[in-house]
Amino acid sequence: MRVVLSSHAVTDLNKIGLYIAADNPSRAASFVGELREVALRIADVPLGFPLVARYEALGIRRRSWKGYGILYSALPGRVFVHRIIGPGQDYDRVLSTI
């Protein structure tokens, strides 16, 4: 099974990197790399993470890692990552774009 990152998710990763780089440039790239790797590993257990409340009908799930949320759908043959959100970000606001 493969993992596909939406353009929004790629933008989210870039913004997360810029945010971290403001305080710790050397950690920014490694953190974003780790977060991307966690997203790619969802393919190992695509149904292993909970559905997001109010988005169950759309099949959107959330994989948490170090306070960040990877919002994705498990589809036939692939995992589609919709968004990657930071701590405290509003699900409804970011999911309104899908």
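Just above sits the structure.
What you see is a predicted model; the values in this text were computed from it and never measured. (Residues numbered from 1 in each chain as written. Predicted model: local features only at pLDDT ≥ 70, side-chain atom pairs only at ≥ 80, totals over all residues. Heavy atoms only, no water.)

A. Inspection of helix H2 (residues 25–40) at higher detail. With 16 residues, H2 should reach 22 Å at 1.5 Å per residue; the first-to-last C-alpha distance of 24 Å fits that figure. The set of residues buried in H2 consists of Ala28, Phe31, Val32, Leu35, Val38 and Ala39. End-on, the buried residues of H2 take up no more than an arc of 120 degrees, which puts them together on one face. Seen from the open side of H2, the exposed residues pointing more than 90 degrees away from its buried face are Ser26 and Ala29. In this structure, the buried side of H2 is in contact with strand E1 (2–5), helix H1 (7–21), strand E2 (60–65), strand E3 (68–75) and strand E4 (78–85). (Helix = DSSP H or I, 4+ residues; strand = E, 2+ residues; numbered from the N terminus. Expected span 1.5 Å × (residues − 1). Buried < 20%, exposed > 50% of the residue type's maximum accessible area, 1.4 Å probe, protein only. Arc of directions from axis to C-beta. Contact = heavy atoms within 4.5 Å.)

B. Representation of the layout of surface pockets within the structure. Space inside the largest pocket adds up to approximately 190 Å³. In terms of lining, the largest pocket is formed by 13 residues, of which the most central are Asp12, Lys15, Arg83, Ile84 and Gln89. Looking at the lining of the largest pocket, the elements that each hand over two or more residues are H1 and E4. When residues in the lining of the largest pocket are grouped by element, the largest group, six residues, is from H1. When the residues that make up the lining of the largest pocket are grouped by side-chain class, the tally is six nonpolar, four polar and three charged. (1 Å grid on protein atoms, 1.4 Å probe; cavity = no way out; pocket = protein on both sides within 12 Å on 5 of 7 lines; lining within 4 Å. Points joined across faces, edges and corners; volume = space filled by probe spheres on them. Nonpolar A, V, L, I, M, F, W, Y, C, P; charged D, E, K, R; others polar.)

C. Structural context of the pattern of salt bridges. Considering all chains together, one arrives at three salt bridges under this definition. The salt bridge involving Glu34 is made with Arg27; its shortest N-O contact spans 3.0 Å. We note a salt bridge from Arg54 to Asp92, for which the minimum N-O separation is 2.9 Å. Placement of Arg54 in the loop between H2 and E2 and of Asp92 in helix H3 (residues 91–95) is noted, with a sequence separation of 38 residues between them. (Salt bridge = Lys/Arg side-chain N within 4 Å of Asp/Glu carboxyl O.)

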